[in-house]
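Structural features, examined
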Amino acid sequence: MILSQKLSKLTLSIAVATGALSVSPAMAAASDVHTKTQEISILGYDLSDRSDASDLLARIQSASKRVCKIYTNRETVRERSLREHCAEQATATAVQSLNSPILTAVWNETKSS
């Protein structure tokens, strides 16, 4: 999983194995892996403001779910678990990369509730 921040945008990038999500490209054959990305604008968010941090966290979580989405008619329990883990890891990486104590606190509160 790769995350980069360029000025006013955050980009989530996840390696996805055909048929199953993988947090690491090493977990799948190289020919079965492609990368999905989702950009999030962070322009206008004040990360020292709790309300802005909450709003941004919601956007990050939504983007993480989109990046980790499995497009099948029927999702197995294992695929659902992998998708949820993928989204959780993508969100955690994004929050950590922004290095905002308020955003981190809001993220930790959502995990414990």
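This one's a predicted model, so the numbers in the text were calculated from it and none came from an experiment. (Residues numbered from 1 in each chain as written. Predicted model: local features only at pLDDT ≥ 70, side-chain atom pairs only at ≥ 80, totals over all residues. Heavy atoms only, no water.)

So, the state of the cysteines
Selection rule: Note on terminology: disulfide denotes any pair of cysteine sulfur atoms within 2.5 Å. Under the scheme used here, helices are H or I runs from DSSP no shorter than 4 residues and strands are E runs no shorter than 2 residues, and both carry numbers assigned from the N terminus. Partly exposed describes any residue whose relative accessible area lies between the buried limit of under 20% and the exposed limit of over 50%, with all areas from a 1.4 Å probe on protein chains only and scaled to the type maximum.
The final tally for this structure, using the stated rule, is one disulfide. Sulfur-sulfur distance for the disulfide between C68 and C86 comes to 2.0 Å. Where C68 bonds to C86 through sulfur, the torsion about that S-S bond is close to -65 degrees, and the disulfide is left-handed. Linking C68 in the loop between α1 (50–67) and α2 (77–98) with C86 in helix α2, this pair joins segments that are 18 residues apart in sequence. A relative accessible area of 0% places C68 in the buried class. Residue C86 is classed as buried on the basis of its relative accessible area of 2%.

Re the nonpolar core
Keep this limit in mind: In these notes, a set of buried Ala, Val, Leu, Ile, Met, Phe, Trp, Tyr and Cys residues joined through side-chain atoms within 4.5 Å is what counts as a nonpolar core. Should any heavy atoms of two residues lie within 4.5 Å, those residues are counted as being in contact.
L56, L57, I60, L98 and L103 are the most contacted members of the largest nonpolar core, which has 14 residues in total. Elements with a minimum of two residues in this core: α1, α2 and α3 (101–112). No other element matches α1, which puts five residues into this core. Excluding residues within four positions of it along the chain, L56 makes contact with I40, S41, I42, Y45, L47 and L98.

A closer look at unusual backbone geometry
In this structure, N99 is a non-glycine residue whose phi angle is positive, near 50 degrees. One can find N99 in the loop between α2 and α3.

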